[in-house]
Amino acid sequence: MLTHTGSTILRNELGVEETIESDNIVRWDGDRLYVEQDVFHNGQLVHRKYRRTVSEPVARALWEIINRAKQ
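Values in this document were obtained by computation on a predicted structure and should not be read as measured data. (Residues numbered from 1 in each chain as written. Predicted model: local features only at pLDDT ≥ 70, side-chain atom pairs only at ≥ 80, totals over all residues. Heavy atoms only, no water.)

Draft legend 1. The arrangement of the overall build of the protein chain in detail. Looking only at helices and strands, one finds one helix and five strands in the protein chain. Along the chain direction, N to C, the helices and strands of the protein chain fall in the order β-β-β-β-β-α. Compactness check: the protein chain gives a C-alpha radius of gyration of 15 Å against a globular reference of 11 Å for 71 residues, more than 25% above the reference. With respect to the principal axes defined by its C-alpha atoms, the protein chain has extents near 50 × 20 × 20 Å. Of the accessible surface of the protein chain, which amounts to about 5,600 Å², a share of 52% is contributed by carbon and sulfur atoms. Taken together, the 10 basic and 11 acidic charged side chains of the protein chain have centroids lying 6 Å from each other. (Helix = DSSP H or I, 4+ residues; strand = E, 2+ residues; numbered from the N terminus. Rg over C-alpha atoms; globule rule 2.2 N^0.38 Å. Areas by Shrake-Rupley, 256 points an atom, 1.4 Å probe, with all protein chains shown as cover. Lys, Arg positive; Asp, Glu negative; His and termini not counted. Charge placed at Lys NZ, Arg CZ, Asp CG, Glu CD.)

Draft legend 2. Structural context of the pattern of salt bridges. Going through the model one piece at a time under the given rule, you end up with eight salt bridges. One salt bridge connects aspartate 38 with arginine 48, and the closest N-O pair in it is separated by 2.6 Å. Here arginine 48 lies in strand E5 (residues 44-53) and aspartate 38 lies in strand E4 (residues 33-41), a separation of 10 residues in the sequence. On the basis of relative accessible area, aspartate 38 is assigned to the buried category, the value being 5%. Through salt bridges that share partners, Arg11, Glu13 and Glu18 make up one connected network. (Salt bridge = Lys/Arg side-chain N within 4 Å of Asp/Glu carboxyl O. Buried < 20%, exposed > 50% of the residue type's maximum accessible area, 1.4 Å probe, protein only.)

Draft legend 3. Representation of the environment of serine 7 within the structure. With respect to the helices and strands, serine 7 occurs in the loop between strand E1 (3-4) and strand E2 (9-11). Along the sequence, serine 7 and valine 39 sit 32 residues apart, while their C-alpha atoms lie 12 Å from each other.

Draft legend 4. Just the environment of arginine 52, in detail. Following the sequence through the fold, arginine 52 ends up in strand E5. Sequence separation of arginine 52 and tyrosine 34 is 18 residues, and the distance between their C-alpha atoms is 5.3 Å. Those residues in contact with arginine 52 that sit more than four places away from it in its chain are Leu33, Tyr34, Val35 and Gln37. (Contact = heavy atoms within 4.5 Å.)

Here is the structure:
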């Protein structure tokens, strides 16, 4: 299930309103953690399954949760 991940962002440099939908599932490709997102400009899909890298603080928090679950 895709969810709307926030408010509309006005991208002045592109002259569009950007919205993002995501299933909010963190994935690992062997190199990096990422979340897939669908990006829309003025309601039109422009990027399907765009891979947005998870930030370092989020990755560290996930690592701690996984390590605690192993104990």
